[in-house]
Amino acid sequence: MMARFTLSLLAICSALWTSRTTATNTDDGQWILVNEISRISNQSLMWGPYRPNLYFGVKPRIPKSMIAGLMWGKVDDFASVAQTVRHTCEQSDDMAGYGWDEYDVRTGGHQVIRDPGNSIDIQTEFIKVEGGENGGHWGVRVKGTPRTGAPADLKTMVIFYVGLEGLGSLSLQNEPDERGLVGDVTLEGSIPKLGEFKIDITTGPSTNKPPQVGHEKYWNEKPLDRTSYRSLKVPEEDAWKAKDILFMGLRENFIAVKEKYGEADIPPPWQAFTIPNTFGPGNFHMVQKVFEGGFEFDILYSSASAPTPMTSDILTKKIQTVGRSFADRFETIFPREAPFNVPRYQQFARNFFSNLLGGIGHFYGTSVVDRTYAPEYEEEDEGFWEEAKDAQARPDAAKLEGPTELFTSIPSRPFFPRGFLWDEGFHLLPISDWDMDLTLQIVKSWMSLVDEDGWLPREQILGDEARSKVPQEFQTQYPHYANPPTLFFVLTKFIDQLEEFQSKRGDSVNEYLDKESFGNLFSSDDLPTVHLKNPEAASEYLRSIYPNLRRNYFWYRKSQSGEIRGWDRNAFSGREGYRWRGRTPEHCLTSGLDDYPRARPPHTGELHVDLLSWVGMMTSCIKRISAAIGEHDDVAEFEQYEYAIKKNIDDLHWSEKHQTYCDATIDDFEESVHVCHKGYISIFPFLLGLVDKESEKLGKVLDLIADPEELWSDYGLRSLSKKDEYYGTGENYWKGPIWININYLAIQRLMEYGSKEGPYQKQASELYKKLRVNVVENVYKNWEGTGYAWEQYDAETGKGQRTAHFLGWTSLVIKIMNMPEAVSVVALPLKDEL
């Protein structure tokens, strides 16, 4: 059981309560409860490996404070050092797999990085310890294990660094020695909002050995049984460029050694490639160790606000308990149902989920935005995509904005280490099962970025470090560009669970206030579900995000509106039609389905069925939120929109000719026509729950899904029909390959329709059972063979492709395994008996 928390300012609160009426007591109690929940949760989530773009990097959720990270590489020859030093996650590093085997954001976990290029496996065991008011302690045990076939005298350099990005101080506490530091290395510092702290880098166990051979004269100058240390001043905005700073120091030392001993007598690379020992003041500090064979050492962070410091003994004990508690809790929250309830899927499930959590990061910095609101961006003229392209190319169009910050989970550590609106809602579905409070914090972080107009940038590229991973042509964000609003998935789930918890509710705030002691209102064990167990906190949370949520909803309705009446379209509503802005003949990036075929050429009168479906899903969710917080006028308005959207989906997008849902456009005769490319677009109303279970259209959707010549494959549903003329052509990103996020939605919806009595219940139930197995088995087979989750899977072979280590929405297989093996089917009477 984790330690209980007590309320701060208890005496003041008690004095206030004794002098107020019962009604005011309740208001005060709610305020105190909500703020205490926020304070304790923020403390629990203060520190983490929130630099997921690195193999291992640590920072607090405090902008412009402190960053830390790890680098390593083999140093057995002069030629390869520049290629073998690891820092940022890169697919070009050709790792044999890496990531968290077990990880919880609140407690820590265990990661293994399998590095054939350096002939070593690196383990990092990161642990957080509660205590004090500034996020508590943390520690990481770094362990290197030579891989099979590695030379017995394998030589590896390891560098740990700390950089300050803003106000504060950090300095070495050891006695400076130009030959290197003996024993543990200790840094002490102070940073606003973190207070005073120290960092100990230990020597590790006696099994650690420095290289046994080398340049005899140089041994006396710089013995490798000591630790090299370098401090220097760098621009705050460059503190993230640790690898460049390292190589600057290695080059400086190498040149000095080469000048002293000459080419013929130069020391071996494990001696020559060390950082120069410098001890002046600075905001960037590096500690370098060189080992022969395996090694192990600890990095221990101690907050001065806690009564006792972090030690290696505490770290050892915590490593053991955290591992056991994670395993037990994971099996409770994500029990795998048949046929996946066998041992071989256990580590697979834990690995996927741990790496999803391990991809949570904290980002801060400026972003590139084009707020010129050029008339070309209205997209009202023929050839609007060419006009928009010219407007975007103007030299004064894009400018830096911010800085802003975001707490988010990312799709992929090596390739997409930043926040994506389209991806985030899918990421948070399994995360919310594990920790709803964490999920709500991430949603709130996103909603805080909604601007005055209601726009929420679809891609969050905050700061130079994030931009270093993005081609320049994709960095600029445009306030008329949308993205699928998947955060509404999570809020719908929160409302569902809140209603369930309310029916089982225990103490209310009034009952809390009646207690003699106002401390111990909740424990750290309660944090994952504290908003669900305290409706007062839940209501306050929904109220806090509702203004921005509502503004964002109406931004979609206005900015992405489509034309109905102007083209004499026959529809129930003249308002409920939408089109994605930002289209080109080849792409609709804003839809999230990039190169999926649409109308050619684009037309100002086109309407997109997927976008109307997304707005329908949003409307259903925000209606429920407005009801939960008593915004009754909004409820009535949203109900009208919801009804009209469901009517218009059929009126505007159902094609009798093709018997499926389609986009609509305007032909050469200025008539509204359907553009039908069967695939994910065709089933969007089904995916988002907007098709009635009794409707014949549901039967047609299920037939399309089930047809192996259309969408069905042994590995999951294809993104585009095998019969379509564009199948597998061009970029082939969403023209056939299998995507797990859409398959998850299909499986979820098939389970729902398969559980409800209706004419298509049996068909949905059978498809559910088969598709669930096909998707999970294929993702598992690829993970077992390659060590990775993949961005997408080939529709013909099932092979994982594109981005490796894609633990974003591919991790939804965890939830799929958690679904029942089959859903019950109600026997229906024969039609002639009806």
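Residues numbered from 1 in each chain as written. Predicted model: local features only at pLDDT ≥ 70, side-chain atom pairs only at ≥ 80, totals over all residues. Heavy atoms only, no water.

**Q** Can you help me understand the pattern of salt bridges in this one?
**A** A side chain with one charge may pair with a side chain of the opposite charge, provided their charged atoms come close. Per the stated rule, a full pass over the model turns up 50 salt bridges. Among the charged side chains, a salt-bridge network with shared partners connects Glu102, Glu331, Arg336 and Arg350. (Salt bridge = Lys/Arg side-chain N within 4 Å of Asp/Glu carboxyl O.)

**Q** So what exactly am I meant to see when it comes to the sheet that holds strand β3 (residues 66–74) here?
**A** Spatially, six strands are ordered β1-β2-β3-β8-β13-β12 in an open sheet, and the strand pairing comes out antiparallel. Looking at which strands have only one partner, the edges of the open sheet turn out to be β1 (47–48) and β12 (228–232). Pairing of β3 with strand β8 (residues 155–164) involves nine bridges; the strand directions are antiparallel. Paired with Met71 across the two strands is Ile159, which belongs to β8. (Pairing = 2+ DSSP bridges. Helix = DSSP H or I, 4+ residues; strand = E, 2+ residues; numbered from the N terminus.)

**Q** I'm lost on the packing of helix α10 (residues 421–434) against helix α13 (residues 487–502) in this one. Help?
**A** For any two helices packed against each other, the geometry is given by the interaxial angle and the distance between the axes. At a minimum axis separation of 7 Å, α10 and α13 run at an interaxial angle of 25°. In terms of axis orientation, α10 runs roughly parallel to α13. Listed contacts from α13 to Leu421, Glu424, Gly425, Phe426, Leu428, Leu429, Ser432 and Asp433 of α10 are Leu487, Phe489, Val490, Lys493 and Gln497. A class-by-class count of the residues in the contact of α10 with α13 yields seven nonpolar, three polar and three charged. (Axes fitted to C-alpha atoms, helices over the stretch in contact; angles between N-to-C directions. Parallel < 35°, antiparallel > 145°, perpendicular 65-115°, else oblique. Contact = heavy atoms within 4.5 Å. Nonpolar A, V, L, I, M, F, W, Y, C, P; charged D, E, K, R; others polar.)

**Q** Explain the layout of surface pockets to me, please; I cannot follow it from the model alone.
**A** One simple way to see leftover space: roll a probe sized like a water molecule over the atoms. Considered as a void within the structure, the largest pocket measures approximately 1,400 Å³ in volume. Along the walls of the largest pocket sit 50 residues, with Arg458, Glu459, Phe474, Leu589 and Asp594 positioned nearest its centre. When contributions to the lining of the largest pocket are tallied by element, the ones reaching two or more residues are α9 (384–392), α10 and β24 (800–804). No other element matches α9, which puts six residues into the lining of the largest pocket. Grouping the amino acids of the lining of the largest pocket by side-chain chemistry returns 25 nonpolar, 10 polar and 15 charged. (1 Å grid on protein atoms, 1.4 Å probe; cavity = no way out; pocket = protein on both sides within 12 Å on 5 of 7 lines; lining within 4 Å. Points joined across faces, edges and corners; volume = space filled by probe spheres on them.)

**Q** Whenever I open this one, the domain arrangement of the protein confuses me. Can you help?
**A** By a widely used convention, the size of an interface equals the accessible area lost when the partners come together. Domain assignment breaks the protein into domain 1 (51–310), domain 2 (334–356 + 698–820), domain 3 (361–408 + 412–505 + 526–552) and domain 4 (561–676). With centres defined by C-alpha atoms, the gap from domain 2 to domain 3 works out at 26 Å. Of the roughly 1,500 Å² buried at the junction of domain 2 and domain 3 (both faces included), carbon and sulfur atoms supply 76%. Where domain 2 touches domain 3, the interface holds one salt bridge. A salt bridge links Asp433 to Lys815, with the nearest nitrogen and oxygen atoms 2.6 Å apart. Across the contact surface, domain 2 and domain 3 share two residue pairs in polar contact (both at pLDDT 80 or more). Only α8 (346–358), α21 (740–754) and β24 provide two or more residues apiece to the side of domain 2 that touches domain 3. If you tally residues by element for the side of domain 2 that touches domain 3, the top one is α21, at four residues. Classifying every residue of the side of domain 2 that touches domain 3 gives 11 nonpolar, six polar and two charged. (Domains from an automatic or database assignment. Buried area = accessible area lost by both parts, 1.4 Å probe. Polar contact = N/O pair within 3.5 Å; in protein donor to acceptor, adjacent residues only side chain to side chain.)

**Q** Help me understand the confidence of the model for the protein, please; the structure alone is not making it clear to me.
**A** Mean pLDDT over the protein: 92, with 93% of residues reaching 70 or higher. pLDDT under 50 marks residues 507–520. Its contacts with residues more than four places away, or in other chains, come to 28 contacts. Ignoring residues within four places in sequence, the model shows residues 828–834, a span with pLDDT below 50, making four contacts including any to other chains. (pLDDT = per-residue confidence, 0-100.)

**Q** When you look at the nonpolar core in this model, what are you seeing that I'm missing?
**A** In a soluble, globular protein the nonpolar side chains are often hidden away together inside. Counting 185 residues, the largest nonpolar core has Met66, Ile199, Phe348, Phe686 and Trp734 as its most contacted members. Looking at which element gives the most residues to this core, the answer is helix α17 (residues 609–628), with 10 residues. For Phe348, the residues in contact, after removing those within four places along its chain, are Val776, Val779, Tyr780, Trp783, Val813 and Met817. Within the second largest apolar cluster, 21 residues are counted, among which are Val81, Leu232, Ala242 and Trp270. (Core = buried A, V, L, I, M, F, W, Y, C linked by side-chain atoms within 4.5 Å. Buried < 20%, exposed > 50% of the residue type's maximum accessible area, 1.4 Å probe, protein only.)

**Q** Hey, could you run me through unusual backbone geometry in this one?
**A** The general pattern is negative phi for most residues beyond glycine and trans for most peptide bonds. A cis amide bond, omega 10°, links Gly402 with the succeeding residue Pro403. Within the element layout of this structure, Pro403 appears in strand β16 (residues 398–409). With a phi close to 60°, Ser119 is a non-glycine residue in the positive phi region. Within the element layout of this structure, Ser119 appears in the loop between β5 (108–115) and β6 (120–129). Unlike most non-glycine residues, Lys193 shows phi in positive territory, near 75°. As for its placement among the helices and strands, Lys193 is situated in the loop between β10 (185–191) and β11 (195–201). Residue class for Lys193 comes out exposed when judged on its relative accessible area of 64%.

**Q** Just to check I follow, could you spell out the sheet that holds β6 for this structure?
**A** Two strands in a sheet stick together by hydrogen bonds in their backbones, pointing the same way (parallel) or opposite ways (antiparallel). Across the sheet, which stays open at both edges, the eight strands sit in the order β4-β5-β6-β7-β14-β11-β10-β9 with antiparallel pairing between neighbours. Across the chains shown, the open sheet's two edge strands, defined by having one partner strand only, are β4 (98–104) and β9 (169–172). In this sheet, adjacent strand axes meet at a mean angle of 15° when their direction is disregarded. Pairing between β6 and strand β7 (residues 137–146): 10 bridges, direction antiparallel. Paired with Thr124 across the strands is Val142, a residue of β7. Each of β4, β5, β6, β7 and β14 (295–303) touches helix α7 (residues 312–333); the most contacted strand, β6, lies at about 90° to it.

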